[in-house]
Amino acid sequence: MRELLNIALPKGRLGEKVYARFAEAGYPCPAVLENSRKLIFENEEVGVRYFWVKPSDVAIYVERGAADIGVAGKDILLEYAPAVYELADLDVGKCRMAVAAKKGWRDNTERTLRVATKFPNIARAHYAQKSREIELIHLNGSIELAPILGMSDVIVDIVETGTTLLENNLEPIEDIVPISARLIANRVSYQFAQAQLDALRDALVR
Amino acid sequence: MIKRTKEEEALLGFRSLYHGYGYKRYKMSTFEEYDLYVANKRFLGGDNIVTFSDAGGRLMALRPDVTLSIVKNAVTGADGLEKLYYHETVYRSVGGALKEIPQVGLECIGQLDGYAMGEVVLLAARSLALVDENYLLTLSHMGIVSALLDEAIPADAHPDTRERLLTCIGEKNPHGLRALCGGCGISAESAERLAALMQLGGSFAEALEVLRGLCLSEAAAQGLRELEEIAGMLALHDCASRLRLDFSLVNDLQYYNGVIFKGYLRQLPTELLSGGRYDRLAQRFGRDGGAIGFAINLGLLERLGGEENEYDVDLLLTYAPECTPMAVAEAVRALSADGRSVRVQPMGAPLGLKYRARMNLSERGLEVNA
């Protein structure tokens, strides 16, 4: 029996979209979409094993070799800088990392800028590039609250359509980097299965 | 009988292999002055040095790397060539936690020629083969990467362009590479050449064929010749089929200049071996000639299956309170005569102990317990 290719998919809407791409590309495993409590799904015929993991964990599974390949947002790759190969831009889950503030906010450059974010490394790198002194406030959710309550001056977060910002009377003031889902591979898996993974990549981005 | 762990077995193999090629073991101190590492932080690839003050108030560091100490201290003479190997522990802070990493490595410093270089790569391949025959050794050449970057990058490009291109190449990231090239005035033709270099694949011979078409400058052609020579030497030892070209393998150009390589095993999530030619580091210490070496992360070997011992002990021997120490000792001597391991406990079995058989000693003599 040949070895199955282990694929980590991010749970949620993006993961379902991405799975559809894999299925179209010739790597289907219909059980994946069944609503069950199972964690692992195999299709030995085409040689794949899928599993759903928390989106921010995909890179960890791939980096440590539990998954040969996976799909992760560029935001996660920038934030955690895992030692993986980034084989392709899948062009889905498109959004951007941006700085946002309360509408009409004025940047007072005399003061340390207070930045609330889920992505401390990205925020730090962005402001270090501008040599701007910041105070970083690491939050795990509801980032929009921070400037509303006056806890931070700005936030660094993912902006898709800007609706959430708008509803909270915030607006994007600066784009940092465009984000989309990327196909990533474990570095050792890639060395041993290069032809197979290159074929998969080509089928996905065709 | 106790079985050797994979790590112990491999270590013995490595030592006799290196000894067989005349490499001398080099034993060094665990501490160095912090200054040594600060001045060469980029060679170490980060800010993960563990420091402390010695009795005289000097700032010292727990050795995060062996190569620097060897390059600093090795005595080669003007035309000399020093061949050394080591088995040491290095200390790094990984993700905030202090880690001890056992390493075996080898360095060849001084008047390097084609043979010396090939010998080091050959020893890397044979080290991997000692652990698992299905290894892969990937080769890259900083001279070739550097030459292609020189050809591609326009003179007026932003100073960090080279660094950013190297990052994309290291990620095997074709979309990022193309976007970056487009953004800094690199021609589409040069961009495609870099992408092709980064994505070279297939067998060594196939990849070499494609590489020939990419190496246009004299500097690149020189690198190509070195790779061909090395591959030829490895073919003599039947290692050629385990060889691959992988130009996404890039190291800091400030230190590395020639061939660089990494060794992989299928069962390990990261590389087991890494090495390369680092003349520029040697030159920083005022050495002529060159230097090449590699290190093996022995700590990873414990993850290789190997044969697990199924039991903690072959025989558990319990004894009644009336038994004299002498009687117990005699029983142990008799029972362990055939090489079995015997654990003696006055009362019952310790929690969680797995034993193959259990016996009890009392005034009735030795009895097998069910």
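In this report, we go over the structure that sits alongside the text.

The rules behind these values
- Residues numbered from 1 in each chain as written.
- Chains lettered and ligands numbered in written order.
- Predicted model: local features only at pLDDT ≥ 70, side-chain atom pairs only at ≥ 80, totals over all residues.
- Heavy atoms only, no water.
- Core = buried A, V, L, I, M, F, W, Y, C linked by side-chain atoms within 4.5 Å.
- Buried < 20%, exposed > 50% of the residue type's maximum accessible area, 1.4 Å probe, protein only.
- Helix = DSSP H or I, 4+ residues; strand = E, 2+ residues; numbered from the N terminus.
- Contact = heavy atoms within 4.5 Å.
- Pairing = 2+ DSSP bridges.
- Phe/Tyr/Trp six-rings, centres within 6.5 Å; stacked < 30°, edge-to-face > 60°.
- Lys NZ or Arg CZ within 6 Å of the ring centre and 35° of its normal.
- Polar contact = N/O pair within 3.5 Å; in protein donor to acceptor, adjacent residues only side chain to side chain.
- Salt bridge = Lys/Arg side-chain N within 4 Å of Asp/Glu carboxyl O.
- Buried area = accessible area lost by both parts, 1.4 Å probe.
- Nonpolar A, V, L, I, M, F, W, Y, C, P; charged D, E, K, R; others polar.

**As for the nonpolar core**
Phase 1: Core analysis: the largest hydrophobic core is formed by 105 residues, its most contacted members being Tyr18(B), Leu137(B), Leu139(B), Leu211(B), Leu245(B), Phe261(B) and Phe294(B).
Phase 2: Among the elements that take part in this core, helix α5 (residues 114-131) of chain B stands out by supplying ten residues, more than any other.
Phase 3: If we skip the residues at most four places from it in the chain, Tyr18(B) touches Tyr23(B), Tyr85(B), Val104(B), Leu106(B), Leu123(B), Ser127(B), Phe294(B) and Ile296(B).
Phase 4: Ile69(A), Val92(A), Leu200(A) and Tyr264(B) belong to the second-largest nonpolar core, a separate cluster that totals 32 residues.

**Structural notes on the pairing of strand β7 (residues 113-117) of chain A**
Residue and element names in this part refer to chain A.
Phase 1: For β7, a buried count of four out of five residues is recorded, marking the element as mostly surrounded by other parts of the structure.
Phase 2: Pairing geometry for β7 and strand β9 (residues 154-159), over three bridges, is parallel. Looking at the pairing, Ala-116 lines up with Ile-155 of β9.

**A closer look at the packing of aromatic side chains**
Phase 1: Tallying each qualifying case throughout the model produces ten aromatic pairs over all chains.
Phase 2: Centroid distance Tyr18(B) to Phe294(B): 6.1 Å. Interplanar angle 70°. Geometry classified as edge-to-face. Of this pair, Tyr18(B) sits in helix α1 (residues 6-20) while Phe294(B) sits in strand β11 (residues 290-297), and the two are 276 residues apart along the sequence.
Phase 3: With a centroid separation of 5.4 Å and 75° between ring planes, the pair formed by Phe31(B) and Phe52(B) is classed as edge-to-face. In this pair, Phe31(B) is assigned in strand β2 (residues 31-33) and Phe52(B) in strand β3 (residues 50-53), connecting sequence segments 21 residues apart.
Phase 4: The ring centre of Tyr85(A) lies 5.2 Å from the NZ or CZ of Lys172(B), which sits over that ring.
Phase 5: A cation sits over an aromatic face here: Lys354(B) above Tyr311(B), 5.9 Å from the ring centre.

**Re the side chain of Ser152(A)**
Residues and elements named next belong to chain A.
Phase 1: Structurally, the position occupied by Ser-152 is in the loop between α5 (145-148) and β9.
Phase 2: Here Ser-152 falls in the buried class, since its relative accessible area comes to 3%.
Phase 3: A polar side-chain atom of Ser-152 sits 3.0 Å from the main-chain carbonyl oxygen of Val-154.

**Considering the pattern of salt bridges**
Phase 1: Going through the model one piece at a time under the given rule, you end up with 32 salt bridges over all chains.
Phase 2: Notably, a salt bridge pairs Arg182(A) with Asp89(A), separated by 3.6 Å at the nearest N-O pair. Here Arg182(A) is found in strand β11 (residues 181-186), whereas its partner Asp89(A) is found in strand β5 (residues 84-89), with 93 residues between them in sequence.
Phase 3: Using a relative accessible area of 8% as the deciding quantity, one classes Arg182(A) as buried.
Phase 4: Salt-bridge contacts for Arg162(B) lead to Asp150(B); the nearest nitrogen and oxygen are separated by 2.2 Å. In this pair, Arg162(B) is assigned in helix α7 (residues 161-170) and Asp150(B) in helix α6 (residues 142-152), connecting sequence segments twelve residues apart.
Phase 5: On the basis of relative accessibility, which here comes to 48%, the residue Asp150(B) falls in the partly exposed class.

**Description of the interface of chain A and chain B**
By a widespread convention, an interface's size corresponds to the accessible area lost as its parts come together.
Phase 1: Facing 22 residues of chain A, the contacting portion of chain B comprises 23 residues.
Phase 2: With both chains or domains summed, chain A and chain B bury close to 1700 Å², and 50% of this area falls on carbon and sulfur atoms.
Phase 3: By the criterion of area lost to chain B, the three top residues of chain A are Val188(A), Gln191(A) and Phe192(A), representing 36% of everything that side buries.
Phase 4: Note that Glu3(A) and Arg266(B) form a salt bridge whose closest N and O atoms lie 3.8 Å from each other.
Phase 5: At the junction of chain A with chain B, the criterion picks out ten residue pairs in polar contact (both at pLDDT 80 or more).
Phase 6: Split by residue class, the side of chain A that touches chain B holds seven nonpolar, five polar and ten charged.

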